[in-house]
Amino acid sequence: MMNFEKRTGPDFGAAAPQYPNQGVPEWYRDAKLGFFVHWGLYSVPAWAVQHGEGVNIPTEDAYAWHQYAEWYGNTVRIAGSPTWERHQSLYGPGTSYEDLADLWDASAFDADSFVGELVDAGARYVVPTTKHHEGFCLWGTETTGFNALRRGPRRDLIAEFHDATRRAGARFGVYYSGPSIGT
């Protein structure tokens, strides 16, 4: 079985970064439930390799057999991987991951309804993914055209999440993954 949590970063020794201890905000101490919303371009194919207990994937093949759908943009680039094979079959040769941006239809997404259900379930905070490491931004950034305002939904989904979360009386946060691949 693959376990991606075994990876560690470099040992910087005495040069290791020091982070200030800010403590936990008072509101967070009472926030018993919050939601991290992992939604992005990878939701178009919405697929990953599924393997059960006892499957032993060699370390050198781990990314080709990645079991998280949000890594689709990475695994589809590995020729011969299960994701690459499925992508070729479903979307056709020559269709890139980036091409999927124009297929993303978010017209059924109603931020107030979605966030309202989370808050009704007890959420005190909502944290959507603004950009996963494959590079597609869910807001209208000027730094890249690979974003939800210019392609696919043609909407600033993060602004919608923000406004709906605030209207619902919950706290709003964001997740942003810095690295991106070729976009």
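First, a word on scope: everything that follows refers to the structure included in this document. Fair warning: this is a prediction, and the values are worked out from it, not measured in the lab.

## Some points on the overall build of the chain
Then, in step 1: Helix and strand content of the chain: five helices and four strands.
Then, in step 2: Counting helices and strands in the order they occur from the N terminus, the chain gives α-β-α-α-α-β-α-β-β.
Then, in step 3: With the C-alpha coordinates of the chain rotated into their principal frame, the extents come out at 50 × 50 × 35 Å.
Then, in step 4: Across the 183 residues in the chain, those meeting the buried criterion constitute 39%.
Then, in step 5: If you sum the accessible surface of the chain, you get close to 10,800 Å²; carbon and sulfur atoms cover 52% of it.

## Considerations on helix α3 (residues 82-91)
Then, in step 1: Along α3, the residues that are buried comprise P82, T83, H87 and Q88.
Then, in step 2: Check the buried side of α3 and you find it contacts α2 (72-75).
Then, in step 3: Positive backbone phi, at 95°, marks G92, one or two positions downstream of α3.

## Side note on helix α5 (residues 157-167)
Then, in step 1: Listed as buried for α5 are L157, I158, F161, A164 and T165. Seen from one end, α5 has its buried residues packed into an arc of 135°, which puts them on one side.
Then, in step 2: For α5, the elements touching its buried residues are β1 (34-37), α4 (111-120), β2 (125-131) and β3 (171-172).
Then, in step 3: The opening residue of α5, the one whose side-chain oxygen lies 3.3 Å from the backbone nitrogen of I158, is D156.
Then, in step 4: A positive backbone phi angle near 80° is found at G169, which sits one or two residues after α5.

## Examining the packing of α4 against α5
Then, in step 1: Where α4 meets α5, the axes come as close as 9 Å, and the angle between the chain directions of the two elements is 50°. Compared by their axis directions, α4 and α5 come out oblique. Seen from above, α4 lies across α5 with right-handed handedness. Where α4 approaches α5, its residues A111, D112, F114 and V115 are matched on the opposing element by E160, F161, A164, T165 and R167.
Then, in step 2: Counted by class, the contact of α4 with α5 contains five nonpolar, one polar and three charged residues.

Cut-offs applied
Residues numbered from 1 in each chain as written. Predicted model: local features only at pLDDT ≥ 70, side-chain atom pairs only at ≥ 80, totals over all residues. Heavy atoms only, no water. Helix = DSSP H or I, 4+ residues; strand = E, 2+ residues; numbered from the N terminus. Buried < 20%, exposed > 50% of the residue type's maximum accessible area, 1.4 Å probe, protein only. Areas by Shrake-Rupley, 256 points an atom, 1.4 Å probe, with all protein chains shown as cover. Contact = heavy atoms within 4.5 Å. Arc of directions from axis to C-beta. Polar contact = N/O pair within 3.5 Å; in protein donor to acceptor, adjacent residues only side chain to side chain. Axes fitted to C-alpha atoms, helices over the stretch in contact; angles between N-to-C directions. Parallel < 35°, antiparallel > 145°, perpendicular 65-115°, else oblique. Left-handed = near helix turned anticlockwise from the far one by under 90°. Nonpolar A, V, L, I, M, F, W, Y, C, P; charged D, E, K, R; others polar.

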